[in-house]
Amino acid sequence: MRLGSGTFATCCVAIEVLGIAVFLRGFFPAPVRSSARAVHGAEPPAPEPSAGASSNWTTLPSPLFSKVVIVLIDALRDDFVFGSKGVKFMPYTTYLVEKGASHSFVAEAKPPTVTMPRIKALMTGSLPGFVDVVRNLNSPALLEDSVIRQAKTAGKRIIFYGDETWVKLFPKHFVEYDGTTSFFVSDYTEVDNNVTRHLDKVLKRGDWDMLILHYLGLDHIGHISGPNSPLIGHKLSEMDSVLMKIHTSLQSKERETPLPNLLVLCGDHGMSETGSHGASSMEEVNTPLILISSAFERKPGDIRHPKHVQQTDVAATLAIALGLPIPKDSVGSLLFPVVEGRPMREQLRFLHLNTVQLSKLLQENVPSYEKDPGFEQFKMSERLHGNWIRLYLEEKHSEVLFNLGSKVLRQYLAALKTLSLSLSTQVAQYDMYSMMVGTVVVLEVLTLLLLSVPQALHRKAELEVPLSSPGFSLLFYLVILVLSAVHVIVCTSAESSCYFCGLSWLAAGGVMVLASALLCVVVSVLTNMLVGGNASRKNPVHPSSRWSELDLLILLGTAGHVLSLGASSFVEEEHQTWYFLVNTLCLALSQETYRNCFLGDDSEPPCGLRVEQGLDGATAAWQDGPACDALERDKGHRSPSASQGLRGHEKWMVLASPWLILACCRLLRSLNQTGVQWAHRPDLGHWLTRGIIEARFVYVFVLGILFTGTKDLLKSQVIAADFQLKTVGLWEIHSGLVLLAALLFRPHNLPVLAFSLLIQTLMTKFIWKPLRHDAAEITVMHYWFGQAFFYFQGNSNNIATVDISAGFVGLDTYVEIPAVLLTAFGTYAGPVLWASHLVHFLSSETRSSSALSHACFCYALICSIPVSTYIVLVTSLRYHLFIWSVFSPKLLYEGMHLLITAAVCVFFTAMDQTRLTQS
């Protein structure tokens, strides 16, 4: 079957997207889970250990507190409370921390540090998976065991006000609630007033047991203006007054209740130096956790420094505080200072229940659990605990009893720590079968793209795809039979759940047929290459054929970037790689312009990427013209005539353009500090705000421009077949996208857009036109600059740098689909704008009929190489120390980049009608 190279590349990228989706589904695993899911809370609690006699304590301990109030301040960093900002703006909270009856901790939130996974960690004690980053936009109901579920089962009345994510996670769990939209980040006032307005009436009532308040204003300020904004101080002062109101009310009500009350102040995650969150920097993972109650004794002069704990410890602590069973999936341990004032027997009982729960979870998720150090410590602690119970029942007061109890206490605490660590490291249960299926599909597509380079970059931009061979090939049916057998064996013998096994036979069979067909096509193309090798030896290549210096730079730069993805430091600082590549490209172009303008080159022009030699198409290409035709040298070669026709000032502009571009790139590097190592350093950016009405006017203009451009394109392609009209339509679409990017960018990022347009103009007029580069080289240059501008915007491979505020420009309420689309475009505006400029340039400036096809193929190939290599790397590095903090976010970015590339290739293919209209 004969296909255009652009259409072929688009189909390949679409198949790659399918393969990456299967791989991602297998790579991001489900965390450790308990198998006891039938009826939550129905399982009786573990009895107290006994030594020779039956225990007389087989029920859960009584609650420690009458009422519990949880004040969760979104994006509350630990230094906002324990640092200088806390002393200045939160005096009442600082007093409670330093002198009040309280216990202070720094709770570490594991990545991804976004709201929904962190709420799950706080209430279930489990470690949510990285896939919850995607689910954060539209939270499904939480089916896991949690403190909220246990409290509702126990008949406790729960009231909630704040982020509506709680309402989605726990539907029908609250007797009263009022949810606010969490994604409309432009609002940092009403979103909190909507919570506080309920406080007075609720605090006066006594018909509730648990009150949860989730304040969003601080997080929204961070997204808009960063952690150093003056608005931060005002918001912290507001939160301090709210905390004082709640605390004083709880204290006044304690005379009416038999038990003290508990006030919990916490954050779900922190805030990076740019005001966002999602990654694993210290500012994002360290959050304050303050437990306030009159039950906590505080001696005069007792100075306590906040201890570091895990955020997952909150669930077990709250369960014990409320007299509830610990959630079955919790990997956290009880915060012992909460119960250290209770009698020794109660302390041991609490710790025993916690270790029993963790040991059961370990048994259900680790086959060799008996050899685990934590399990061994637990068994020893239980035996010592039984001995202590026997001694306690015989004599309740003795020094021996106290010393043995202290020893058991220390043993339990050590067992809890070891068990919690063991369970946390077991979170990565990879679905290797799904990962292998996705990897095979992606690698097959990459191999097919590489083998098709000679035909795809031929002057005709067409290639013969042997699609008929699989249907009549014995290999095709044998491979399907083998894959089906492997599928049956894996899915019937796998101990853990597998996503690919859970698919219907129709869907799984379709993927296997696709993989088999791809393998047969690859074998067929490879066979044709080997057979065609004999013809190439009979027709040797021209002796002057050689790679140009620019071609070598492109090849080595691409290979170097791909190899750098195997190191965590290079992934964290990938922007440095792209900055280096574009700077080196500018120097290479400068050297090329000087050579052409001053030295000249009378020899035959260099033929870069001489890939079709030795294939069946090579002979035809050689007969039609020089080998350079394969990469569109037919539109003009690099020769002295290319520069001799320039007038004086134009010649000097050609010489100066690479250096002007280099200067622009250097300025853009200083505009946004990104990555990890230097993200905290000051840059040239500053933050401003926008108006909603003005933004909506811009949307109207953008839609009008895009509509006009699309109309011109359709008219040029379908009705008038007008080449000039097509060029105008492409320019209108590009201009509309530029205007949209100008609206969505942070104000300080507008120079990025301006410099992007300037560099495009300089490259068009003084580099690509005079030097007559071919479509392949121009495509790679566009790709490189698009990647560099992705980082010039301030993006990185950390999820924290995604600017979600772009999705709410011009909106006064949260609308999901526009918000997602605008955020995606705002994030990938650099690559998208350079791709749209590439389409316009090739359509308007080249006379070759195959330029767009060559560009589409090169674009697909240069994106597929790093994606395919990276999934192999992360598979081999899946147990690396930084797999979740560094490599996994980069994998999400690569998957999204491939999806963007697929959309770009579709647009390339749709525009590739020039050949038909001109023939």
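Each remark here, short or long, concerns the structure printed above.
Criteria and cut-off values
Residues numbered from 1 in each chain as written. Predicted model: local features only at pLDDT ≥ 70, side-chain atom pairs only at ≥ 80, totals over all residues. Heavy atoms only, no water. Helix = DSSP H or I, 4+ residues; strand = E, 2+ residues; numbered from the N terminus. Contact = heavy atoms within 4.5 Å. Areas by Shrake-Rupley, 256 points an atom, 1.4 Å probe, with all protein chains shown as cover. Phe/Tyr/Trp six-rings, centres within 6.5 Å; stacked < 30°, edge-to-face > 60°. Lys NZ or Arg CZ within 6 Å of the ring centre and 35° of its normal. Core = buried A, V, L, I, M, F, W, Y, C linked by side-chain atoms within 4.5 Å. Buried < 20%, exposed > 50% of the residue type's maximum accessible area, 1.4 Å probe, protein only. Axes fitted to C-alpha atoms, helices over the stretch in contact; angles between N-to-C directions. Parallel < 35°, antiparallel > 145°, perpendicular 65-115°, else oblique. Left-handed = near helix turned anticlockwise from the far one by under 90°. Nonpolar A, V, L, I, M, F, W, Y, C, P; charged D, E, K, R; others polar. Disulfide = S-S within 2.5 Å. Pairing = 2+ DSSP bridges. Patch = residues over 30% accessible without salt bridge, like charges linked within 9 Å, V, L, I, M, F, W, Y side chains within 5 Å. Salt bridge = Lys/Arg side-chain N within 4 Å of Asp/Glu carboxyl O.

*Asks:* Just to check I follow, could you spell out the overall build of the chain for this structure?
*Replies:* A tally of regular secondary structure across the chain gives 38 helices and 10 strands. A fraction of 79% describes how many contacts in the chain between residues 6 or more apart in sequence connect residues 24 or more apart. For the chain, the computed accessible surface area is about 37700 Å², with 62% contributed by carbon and sulfur atoms.

*Asks:* Honestly, the packing of aromatic side chains in this entry has me stumped. Any pointers?
*Replies:* Each pair of aromatic rings is reported with the distance of its centres and the angle of its planes. In total, this model carries 22 aromatic pairs according to the counting rule given. Here arginine 349 stacks its cationic end above the ring of tryptophan 57, 5.5 Å away from the centre of that ring.

*Asks:* Before we go on, may I ask you to explain the nonpolar core in this structure?
*Replies:* Nonpolar side chains in soluble globular proteins tend to be buried together. Trp784 and Phe785 are the most contacted members of the largest nonpolar core, which totals 125 residues. By residue number, the principal contributor to this core is helix α36 (residues 851–876), which donates 15 residues. Other than its neighbours up to four places away in sequence, phenylalanine 785 contacts Val582, Leu585, Cys586, Ile661, Cys665, Ile759, Met763 and Trp834.

*Asks:* Looking at this structure, I do not really get the packing of helix α33 (residues 775–792) against α36. What am I missing?
*Replies:* For any two helices packed against each other, the geometry is given by the interaxial angle and the distance between the axes. Where α33 meets α36, the axes come as close as 9 Å, and the angle between the chain directions of the two elements is 45 degrees. Here α36 runs oblique to α33, going by the angle between their axes. Viewed along their axes, α33 and α36 form a crossing whose handedness is right-handed. Seen from α33, the contacting residues are Ala775, Ala776, Thr779, Val780, Tyr783 and Trp784; seen from α36, they are Ala851, His854, Ala855, Cys858, Tyr859, Ile862, Cys863 and Pro866. Counted by class, the contact of α33 with α36 contains 12 nonpolar, two polar and no charged residues.

*Asks:* Looking at this structure, how should I read the state of the cysteines?
*Replies:* Each disulfide consists of one covalent bond between the sulfur atoms belonging to two cysteines. Within this structure, the stated rule accounts for one disulfide. Cysteine 491 shares a disulfide with cysteine 501; S-S distance 2.0 Å. Between cysteine 491 and cysteine 501, the disulfide has an S-S torsion of -85 degrees and is therefore left-handed. One end of the pair, cysteine 491, is in helix α21 (residues 474–493); the other, cysteine 501, is in helix α22 (residues 499–502), with 10 residues separating them in the sequence. The class for cysteine 491 is partly exposed, based on a relative accessible area of 27%. The thiol of cysteine 863 is not disulfide-bonded; the next cysteine sulfur, from cysteine 905, is found 7.9 Å away.

*Asks:* In this structure, what is going on with the pairing of strand β3 (residues 102–108)? I would like to understand it.
*Replies:* Side-chain positions along a regular strand alternate between the two faces of the sheet. Counting buried positions over the seven residues of β3 gives six, a clear majority of the element. Two elements, β3 and strand β8 (residues 286–292), share seven bridges in a ladder whose sense is antiparallel. Among the inter-strand pairings, serine 102 is bridged to a residue of β8, identified as isoleucine 292. Relative to strand β9 (residues 307–310), β3 runs parallel, the two sharing four bridges. The partner of valine 106 across the bridge, within β9, is histidine 308.

*Asks:* Quick question: what am I supposed to make of the packing of helix α32 (residues 750–771) against α33 here?
*Replies:* Contact geometry for α32 and α33: axes closest at 11 Å, N-to-C directions at 160 degrees. It follows from the interaxial angle that α32 and α33 lie roughly antiparallel. You can see that α32 and α33 cross each other, and the crossing is right-handed. Residues Val752, Phe755, Ser756, Ile759, Met763 and Trp768 of α32 pack against Ile778, Met781, His782, Phe785, Phe789 and Phe792 of α33. Its residues placed into classes, the contact of α32 with α33 shows 10 nonpolar, two polar and no charged.

*Asks:* Help me understand a nonpolar patch on the surface, please; the structure alone is not making it clear to me.
*Replies:* Together, Leu587, Tyr594, Phe598, Leu599, Trp652 and Trp659 make up a nonpolar patch on the protein surface, roughly 720 Å² of accessible area in all. Counting residues per element, the ones that place at least two in the nonpolar patch are α26 (574–599) and α29 (648–671). Position of leucine 599 relative to the elements: it lies in helix α26. Owing to a relative accessible area of 70%, leucine 599 belongs among the exposed residues under this scheme.

*Asks:* Honestly, the side chain of glutamine 411 in this entry has me stumped. Any pointers?
*Replies:* Positionally, glutamine 411 belongs in helix α17 (residues 399–425). Take glutamine 411: its relative accessible area is 17%, and that puts it in the buried class. Beyond its immediate stretch of four places on either side in the chain, glutamine 411 contacts Gln377, Met380, Ser381 and Leu384.

*Asks:* Is there a simple way to think about the pattern of salt bridges in this case?
*Replies:* Pairing is possible between side chains of opposite charge, provided their charged atoms come close. This structure, assessed with the given rule, holds 19 salt bridges. A salt bridge links aspartate 207 to arginine 205, with the shortest nitrogen-to-oxygen separation between them at 3.2 Å. Residue classification places aspartate 207 among the partly exposed residues on the basis of a relative accessible area of 33%. A single salt-bridge network, built from bridges that share partners, covers Arg77, Asp79 and Glu273.

It is worth stressing that arrangement in space is one thing and function is another; only the former is reported here.
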